[in-house]
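Architecture and fold: a report
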Amino acid sequence: MSEPRKLEVLRAIVEDYVHSREPVGSKALVERHHLGVSSATIRNDMAALEDEGLITAPHTSAGRIPTDKGYRLFVDQISAVKPLSAPERRAIQTLLEGADDLDDVLDRTVRLLSQLTNQVAVVQYPHLSRALVRHIEFVLLAPRKVLVVLIANSGKVEQRVIDVGQDLGDETVAALRTRFLGALGGTRLSHLAQALPAVVAATPHAQRQAAHALALGLEGLAQSSREDRMVMAGTANLARSNVDFPLSIGPVLEALEEQVVMLRLLSEMAQDHRGVAVSIGRENPYDGLAEASVVATGYGPDSAAKVGILGPTRMDYPTTMAAVRAVARYLSRILGP
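An unreviewed UniProt entry lists the protein under the name Heat-inducible transcription repressor HrcA, with Pseudarthrobacter enclensis as the source organism. Recorded under Function (unreviewed entry), the UniProt text for the protein is reproduced unchanged: "Negative regulator of class I heat shock genes (grpE-dnaK-dnaJ and groELS operons). Prevents heat-shock induction of these operons."

Written out as structure tokens, the structure is:
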């Protein structure tokens with residue numbers, strides 16, 4: 001069998017199986033695809049594909065389904081990611097541009113991607129090690145209670161109430177805010193802990209106790225804003241495709257719940273020349289995802305954080321890759337400088 005025909009027969013089997021969920025037989029291939037050869041020839045071609053481990057018989061059925069290796073060859077043959085339709089692109093733009101802040105943007109992103117692909121969508125929060133302090137606000141709530149607000153240039157907002165240990169007035173709080181913001185505006189969040197002691201040391205002695213408490217509060221906010229976490233939507237889609245997880249859907253749900261597993265997997269996935277990363281079945285290092293595939297891509301200024309989907313290995317890879325890449329591009333544009 002020639003290499004082009006091998007790929008053509010494999011592509012036909014993958015597309016039919018993804019569409020119908022039924023094992024694919026030679027007769028159906030001849031009827032549905034213009035392969036230009038007889039049913040007997042296709043049977044021989046399918047036997048050769050099976051010998052190579054690209055397709056397999058799930059049980060006594062006469063039909064065949066793709067293996068992880070077969071899906072991998074199919075995905076690798078997708079030369080370019082097809083663009084989304086104009087209405088789909090407009091829908092993405094409209095939904096994401098209406099968001100209020102980073103949390104809202106990411107929440108809308110996963111809901112949208114889940115709807116576009118009928119899979120579980122996940123997005124990592126942007127890595128804020130490079131994020132800068134855009135603004136600091138201190139709001140006096142009571143003589144010893146101050147609301148500390150830290151805003152990063154990524155759009156992330158962190159806040160908490162601090163007991164400053166001494167009575168303060170509005171003017172003193174305003175002066176402290178001016179001092180902290182003047183010294184720390186534009187500082188990387190990852191460098192904040194090193195920069196804060198100098199600000200406290202330069203504060204008038206009468207306000208130093210409060211300045212120290214405020215500095216500890218800012219340090220804690222900077223730390224929590226840098227925690228690696230993700231947002232997801234569409235887990236109900238997994239339940240609907242229960243038949244695609246013959247072993248058990250439990251381990252897949254556990255991997256999603258145990259965010260550290262998904263975050264590690266997303267971080268380790270390397271994008272290919274098409275700008276997407278695809279991890280199929282047993283290629284996933286986590287055993288619980290042996291029947292799942294993950295399609296992801298980076299977004300943001302340095303593309304360090306990922307957005308993507310998780311679903312069964314039986315998925316529409318071309319459409320999913322297109323949706324993931326398109327959503328990531330809009331996300332980068334909205335969060336851009």
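So that's the structure; there's more coming.
Before going further, it helps to examine the nonpolar core. Of all hydrophobic cores here, the largest spans 57 residues; its most connected members are Leu-29, Tyr-299, Tyr-317 and Met-321. Residue contributions to this core peak at 11 residues, all from helix α13 (residues 317-335). Excluding residues within four positions of it along the chain, Met-321 makes contact with Val-75, Ile-78, Val-81, Arg-274, Val-276, Val-278 and Val-295. Listed in part, the 28 residues of the second largest apolar core include Val-148, Leu-150, Val-173 and Val-199.

We now examine the sheet that holds strand β6 (residues 157-163). Strand order across the open sheet formed by three strands is β4-β5-β6, with antiparallel pairing between neighbours. For this open sheet the edge positions go to β4 (133-142) and β6, each flanked by a neighbour on one side alone. When the angles between neighbouring strand axes are averaged without regard to direction, this sheet yields 20 degrees. For strand β5 (residues 145-152) and β6, the ladder comprises seven bridges, and the chain directions are antiparallel. For Leu-150, the partnering residue across the bridge sits in β6 and is Glu-158. Lying over the sheet, helix α7 (residues 170-184) contacts β4 and β5, oriented at roughly 165 degrees with respect to β4.

In this section: a nonpolar patch on the surface. A cluster of nonpolar residues, Val-139, Leu-141 and Val-161, forms a patch on the protein surface that exposes about 240 Å² of accessible area. Residue Val-139 is classed as partly exposed on the basis of its relative accessible area, which comes to 33%.

Before going further, it helps to spend a moment on the sheet that holds strand β10 (residues 305-312). Sheet architecture is open: five strands sit in the order β7-β3-β10-β9-β8, paired in antiparallel fashion. Taken across any chain shown, the strands that pair with only one partner, and hence form the sheet edges, are β7 (230-233) and β8 (277-280). Taken pair by pair, the neighbouring strands of this sheet meet at an average axis angle of 15 degrees, ignoring direction.

Glancing now at the environment of Gly-36. Following the sequence through the fold, Gly-36 ends up in the loop between α2 (26-32) and α3 (39-51). A residue is classified by how much of its surface remains accessible, and Gly-36, at 78% relative accessible area, is exposed. Between the alpha carbons of Gly-36 and Arg-5 there is a distance of 9.9 Å; along the sequence they are 31 residues apart.

Another aspect to go through is the packing of helix α4 (residues 68-76) against α13. Two numbers describe how α4 lies on α13: the axes approach to 10 Å, and their chain directions differ by 55 degrees. One way to sum up the angle between α4 and α13 is to call them oblique. The chirality of how α4 crosses α13 is right-handed. Where α4 abuts α13, its residues Tyr-71, Phe-74 and Val-75 lie against Tyr-317, Pro-318 and Met-321. Looking at the contact of α4 with α13, its residues break down into six nonpolar, no polar and no charged.

With respect to the element layout, Glu-283 can be found in the loop between β8 and β9 (292-299). Given the relative accessible area of 37%, Glu-283 is considered partly exposed. Residues Glu-283 and Thr-67, 216 residues apart in the sequence, show an inter-C-alpha distance of 12 Å.

Applying the stated criterion to the full structure yields 15 salt bridges. Two residues, Glu-15 and Arg-11, come together in a salt bridge whose shortest N-O distance is 2.7 Å. In this pair, Glu-15 and Arg-11 are both assigned in helix α1 (residues 3-20), four residues apart and thus about one turn of the helix distant. One network of salt bridges, with partners in common, ties together Glu-3, Lys-6 and Glu-52.

Take the side chain of Thr-203 next. Position of Thr-203 among the secondary structure elements: in the loop between α8 (192-201) and α9 (208-225). By relative accessible area, which is 1% here, Thr-203 ends up buried. Apart from residues lying up to four places away in sequence, Thr-203 is in contact with Leu-176, Arg-179, Arg-208 and Ala-211.

Analysis parameters
- Residues numbered from 1 in each chain as written.
- Predicted model: local features only at pLDDT ≥ 70, side-chain atom pairs only at ≥ 80, totals over all residues.
- Heavy atoms only, no water.
- UniProt positions renumbered as here; feature names shortened; annotations may be inferred.
- Core = buried A, V, L, I, M, F, W, Y, C linked by side-chain atoms within 4.5 Å.
- Buried < 20%, exposed > 50% of the residue type's maximum accessible area, 1.4 Å probe, protein only.
- Helix = DSSP H or I, 4+ residues; strand = E, 2+ residues; numbered from the N terminus.
- Contact = heavy atoms within 4.5 Å.
- Pairing = 2+ DSSP bridges.
- Axes fitted to C-alpha atoms, helices over the stretch in contact; angles between N-to-C directions.
- Patch = residues over 30% accessible without salt bridge, like charges linked within 9 Å, V, L, I, M, F, W, Y side chains within 5 Å.
- Areas by Shrake-Rupley, 256 points an atom, 1.4 Å probe, with all protein chains shown as cover.
- Salt bridge = Lys/Arg side-chain N within 4 Å of Asp/Glu carboxyl O.
- Parallel < 35°, antiparallel > 145°, perpendicular 65-115°, else oblique.
- Left-handed = near helix turned anticlockwise from the far one by under 90°.
- Nonpolar A, V, L, I, M, F, W, Y, C, P; charged D, E, K, R; others polar.

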